[in-house]
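Single-letter residue listing:
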Amino acid sequence: MAASMKQMVLSQHKVRSRDITGDPADHAQWVKRSAARAHMRGAGFKDEDFAKPLIAVVVPYSNILPCNNHFRELGELVMDEIEKRGGRGFLCGTPVVSDGETMGFRGMKYSLISRDWVADCVEIMCEAYAADGVLSLGGCDKTVPGVVMPMARLDSIGLSLYGGTILPGATAGISQKLDAQVIMEAIGSYGVGLIDIEELHRIECSAIPGSGSCGGMFTANTMASVIEALGMALPGTSSRAAVTPSNSLTEQKKSDCRLTVQHLFSLMESQTSTRDIMTKKAFENAVTVMYALGGSTNGVIHLLALAQETEINLTIEDFNRIGDQVPLIGNLRPHGKYHMADLAEIGGLPVVMKELLRAGLLHGECCTVTGQTVEQNLQSTPLLSELQQDVVLSLDAPLSAAGNHITIIRGSLAPDSALLKLSGKQLQKPFQGKVRALLCVGHVTHCRP
């Protein structure tokens, strides 16, 4: 063994990756791993890198969708910060499929299943390269849960960082702020003659002004909030915008990258793993937050998948049990008038969680990736009563009383279960009447009353 290698002292954070790069204290094993190190040297590794912890940086990047097209830049910031803190990062790519782009044609068949492929891709890279820690970026609908599922599956040491929400768009002649919902509704409006093709085109060109995930409380922002409520992301990071109006990364998002790396090293120091954080009570917190915000029905299927990976017994019945106690207080699109970026302006998700904690609806003792409990994280967060705003309403005067958001129902069409999203609406009586059965999603476009 070379003299420089004999003097090498491995980082205390380098626990798992000794298996791939070797341990100078074990001469036979060090020799055995020579071929692996030779290949890594070909990829740019130096002597000193073999003493550092190997950290998987999950970057689900593609340049075809706004949710994740800024992830290369985020990934580089994370990699640089890992290097500064004495680690050696390696990038993990995954598939990325956007619902907003693929719905309505055969591409939609690949959307939901892509979540599990994302999870498998992360597991493959983390296990093949014996990652000591994991930092996962999440953006579009399926990558937010997909990059956390393998951490739960493997009980890794790691955390997630949301790429950020998109800013609302604007165009001449339309007073409301634009988003993915507006362009979808505009297609229908054109179909029934309410707007002309020129207005549809103006909305198309302005609804999605830059990088970030769909700006309302749609699936991506729902799941980002859920991951933060679970304790697997830093407080406040789920609600911040991805970019500025000029489509450059915000300084806050750059800071999020640095702070997330800092807390990853703290987790490695304490050897706090994913299942220490993602407990049954943490999942109950996540469901509570989802209902309070008026989150997407997709949050149900993703939370059940996350619970299964964690080996937590979360069932479909738990959603009614918890949701029936939680009023709707998020005045957010699609049921309300504000966007996620507006929530960030008043303090982000911690403001919502502080209100829920005040009412005894959250388990404040749950551990989080900060090393502190939920209650400790929220100590300096202002109360809603101290804020002049209507983005989030008080539990004492909510948008809607408890039991009027996502409801689990059963019947002859769905004997096991089905989801009904009310978002504050009241069902006065069961529906009776004729329905039209469509054989495929493509038929919807051509459907007329």
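Above this text is the structure in question.
Residues numbered from 1 in each chain as written. Predicted model: local features only at pLDDT ≥ 70, side-chain atom pairs only at ≥ 80, totals over all residues. Heavy atoms only, no water.

Q: Would you mind going over the pairing of strand β3 (residues 133-138) with me for this structure?
A: It is a general feature of regular strands that their side chains alternate between the two faces of the sheet. Burial runs high along β3: six of the six residues are buried. Of the two faces of β3, the one carrying Gly-133, Leu-135 and Leu-137 and the one carrying Val-134, Ser-136 and Gly-138 are both buried. In this structure, strand β1 (residues 54-58) lies alongside β3, joined through four bridges in parallel fashion. Across the sheet, the residue bridging to Ala-56 is Val-134, located in β3. Across five bridges, the pairing between β3 and strand β4 (residues 158-162) is parallel. (Buried < 20%, exposed > 50% of the residue type's maximum accessible area, 1.4 Å probe, protein only. Helix = DSSP H or I, 4+ residues; strand = E, 2+ residues; numbered from the N terminus. Pairing = 2+ DSSP bridges.)

Q: Sorry if this is basic, but what is going on with the state of the cysteines here?
A: As used in these notes, a disulfide is a covalent bond between sulfur atoms, one from each of two cysteines. Tallied over the full model, the rule gives zero disulfides. Cys-67 supplies the cysteine sulfur nearest to Cys-140, a cysteine that is in no disulfide, at a spacing of 5.5 Å. Given a relative accessible area of 1%, Cys-140 falls into the buried group. Cys-205 takes part in no disulfide bond, and the closest cysteine sulfur to it belongs to Cys-214, at a distance of 17 Å. (Disulfide = S-S within 2.5 Å.)

Q: For this particular structure, what's the right way to read empty space enclosed by the protein?
A: Rolled over the atoms, a probe as big as a water molecule pinpoints where empty space is left. Summed over the entire model, instances satisfying the criterion amount to two cavities of 30 Å³ or more. Roughly 80 Å³ of volume is contained in the largest cavity. Along its surface, the largest cavity is lined by Glu-228, Gly-231, Ala-233, Pro-235, Met-353, Thr-368, Val-374, Asn-377 and Leu-378. Residues of the lining of the largest cavity, tallied by class, amount to five nonpolar, three polar and one charged. Counted as a void, the second largest cavity has a volume near 60 Å³. Broken down by secondary-structure element, the contributors of at least two residues to the lining of the second largest cavity are β4 and α12 (219-230). At three residues, the largest contribution of residues to the lining of the second largest cavity is made by β4. (1 Å grid on protein atoms, 1.4 Å probe; cavity = no way out; pocket = protein on both sides within 12 Å on 5 of 7 lines; lining within 4 Å. Points joined across faces, edges and corners; volume = space filled by probe spheres on them. Nonpolar A, V, L, I, M, F, W, Y, C, P; charged D, E, K, R; others polar.)

Q: Before we go on, may I ask you to explain helix α10 (residues 180-191) in this structure?
A: With twelve residues, α10 ought to run about 16 Å at 1.5 Å a step, and its terminal C-alpha atoms sit 17 Å apart, in line with that. Where α10 is concerned, the buried positions are Ala-180, Gln-181, Val-182, Ile-183, Ala-186 and Ser-189. As for α10, its buried residues are in contact with β6 (174-178) and α11 (197-206). Note on α10: the residue one or two positions beyond its end, Gly-193, has a positive phi of about 85°. (Expected span 1.5 Å × (residues − 1). Contact = heavy atoms within 4.5 Å.)

Q: Can you walk me through the sheet that holds strand β2 (residues 88-92) in this structure?
A: For sheets, the rule is that strands pair by backbone hydrogen bonds, running either parallel or antiparallel. Taken together, four strands build an open sheet; the order of strands is β2-β1-β3-β4 and the sheet is parallel. Whereas interior strands pair on both sides, the edge strands pair on one side only; in this sheet they are β2 and β4. On average, each strand axis in the sheet is inclined to that of its neighbour by 20°, with strand direction left out of account. Looking at chain direction, β1 and β2 are connected through five bridges and run parallel. For Ile-55, the partnering residue across the bridge sits in β2 and is Gly-89. Along the sheet, helix α7 (residues 111-128) contacts β1, β2 and β3; its crossing angle with β2, the most-contacted strand, is approximately 145°. (Axes fitted to C-alpha atoms, helices over the stretch in contact; angles between N-to-C directions.)

Q: Explain the side chain of His-70 to me, please; I cannot follow it from the model alone.
A: Relative to the assigned elements, His-70 resides in the loop between β1 and α5 (71-84). Judged by relative accessible area, which is 6%, His-70 ranks as buried. Those residues in contact with His-70 that lie beyond four places of it in its chain are Gly-163, Ser-211, Gly-212, Ala-242 and Leu-249.

Q: Which parts of the structure should I look at to understand the pattern of salt bridges?
A: If the charged atoms of two oppositely charged side chains come close together, the side chains can form a pair. Evaluation of the coordinates by the stated rule reveals 27 salt bridges. For Asp-23, the salt bridge is made with Arg-18, and the minimal N-O distance between the two is 3.2 Å. The partly exposed category is assigned to Arg-18, whose relative accessible area is 27%. Notably, a salt bridge pairs Arg-275 with Glu-311, separated by 2.8 Å at the nearest N-O pair. In this pair, Arg-275 is assigned in helix α14 (residues 274-277) and Glu-311 in the loop between α16 (298-310) and α17 (316-323), connecting sequence segments 36 residues apart. Of the residues examined, Arg-275 reaches a relative accessible area of 26% and is grouped as partly exposed. Bridged by salt links that share partners, the residues Asp-49, Lys-52, Glu-83 and Arg-88 form one connected network. (Salt bridge = Lys/Arg side-chain N within 4 Å of Asp/Glu carboxyl O.)

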